[in-house]
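Listed below are the residues making up each chain.
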Amino acid sequence: MAIYAPGQRILLPVNPWFIAFTLVAAFFFNVLPWRDVRAVPDLLAVVIVFWAIREPRKIGIGIPFVLGLVMDAANGVLLGQHALAYSVMAFMANTLSRRILWFGLPAQTVHVLGILLTGQLLMFGVRMIAGASFPGFSYFLGPLIAAALWPVLSFLMLAPQRRPESVDETRPI
């Protein structure tokens, strides 16, 4: 199995400002008025998982925890449910990052689906323990749709890293 495929480029280092921009943009997407729509994916969770897989040294567990607290406050839900879920998802993504990156996009999607479902189950468990009513099985459509968006999101999030630093026609990479 060849590590280098023809036409594959070595990625440039990611700009930390781009990571911050994508996290803020995903947060603002999540706080749009989606309350009655069940199939909307938690885009902030997907972006956190993406950067925790791609840049495990830059996105640890602290940033997702703080973003989760902000998300809880913005949505007016039980304080700590998103923070717990985002932290656990980031931990799982950090732990499995080398394994996930070894696979192609279809297998990465399966791994990401497991991580996102774990986060959704954690939030569901916290809500049930707090005494909320059962939200229905449509509550679990968001992670399925988010995992289906994984290949598109991966392509878009890695696009700034694919641009060449300087064009050199003699280099094959």
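First things first, this report covers the structure right here in the doc. These numbers come from a predicted model, not from an experiment.

## A short note on the pattern of salt bridges
Move 1: Summed over all chains, the structure comprises one salt bridge.
Move 2: Between Lys58 and Glu55 there is a salt bridge, with its nearest N and O atoms 3.8 Å apart.
Move 3: The class of Glu55 is buried, set by a relative accessible area of 19%.

## Looking at the packing of aromatic side chains
Move 1: One pass over the full model with this rule turns up nine aromatic pairs.
Move 2: Considering the side-chain rings of Phe124 and Tyr139, the 6.2 Å spacing of their centres and the 45° angle between planes classify their relative orientation as tilted. Within this pair, whereas Phe124 is found in helix α5 (residues 105-129), its partner Tyr139 is found in the loop between α5 and α6 (141-148), the two being separated by 15 residues in sequence.
Move 3: Taken together, the ring pairs connect Phe124, Phe134, Phe137, Tyr139 and Phe140 into an aromatic cluster.

## Some details on a nonpolar patch on the surface
Move 1: On the surface, a cluster of nonpolar side chains totalling about 310 Å² of accessible area is made up of Leu141, Leu144, Ile145 and Leu149.
Move 2: By secondary structure assignment, the location of Leu141 is in helix α6.
Move 3: Overall, the relative accessible area of 37% leaves Leu141 in the partly exposed class.

## Re the nonpolar core
Move 1: With 36 residues, the main nonpolar core has Leu23, Leu44, Val49, Trp51, Met89, Leu116 and Trp150 as its most contacted residues.
Move 2: Mapped onto this core, the elements with two or more residues apiece are α1 (16-30), α2 (43-54), α3 (62-75), α4 (81-102), α5 and α7 (150-162).
Move 3: With 10 residues, α2 is the largest single contributor of residues to this core.
Move 4: Once residues within four sequence positions are removed from consideration, Trp150 is found in contact with Val46, Val49, Phe50, Ile53, Leu105, Gln108, Thr109 and Val112.

Reading guide: rules and limits
All residue numbers here refer to positions counted from 1 along the written sequence of the relevant chain. Where local features are concerned, this predicted model is filtered to residues with pLDDT of at least 70; where side-chain atom pairs are given and counted, the filter is 80 or more; whole-chain, interface and lining totals use all residues. The basis for every side-chain value is the complete set of heavy atoms in the structure, and neither hydrogens nor water enter the calculation. Each salt bridge in this description consists of a side-chain nitrogen of Lys or Arg and a carboxyl oxygen of Asp or Glu lying within 4 Å of one another. Working definition: with a 1.4 Å probe on protein chains only, accessible area under 20% of the residue-type maximum means buried, over 50% means exposed, and in between means partly exposed. Here is the rule: rings of Phe, Tyr and Trp (six-membered ring for Trp) pair when centre to centre is within 6.5 Å. Planes less than 30 degrees apart are stacked, more than 60 are edge-to-face, and the remainder are tilted. Every helix listed is a DSSP run of H or I at least four residues long, and every strand listed is a run of E at least two residues long, numbered separately from the N terminus. Patch members must show over 30% relative accessible area and no salt bridge, and they are joined within 9 Å when carrying like charges or within 5 Å when they are nonpolar side chains of Val, Leu, Ile, Met, Phe, Trp or Tyr. What sets the accessible areas is the Shrake-Rupley method with a 1.4 Å probe; for residues, cover comes only from the shown protein chains. As used in this record, nonpolar core signifies buried Ala, Val, Leu, Ile, Met, Phe, Trp, Tyr and Cys residues forming a set joined through side-chain atoms within 4.5 Å. When checking whether two residues touch, look at their non-hydrogen atoms; a contact exists if any pair is within 4.5 Å.

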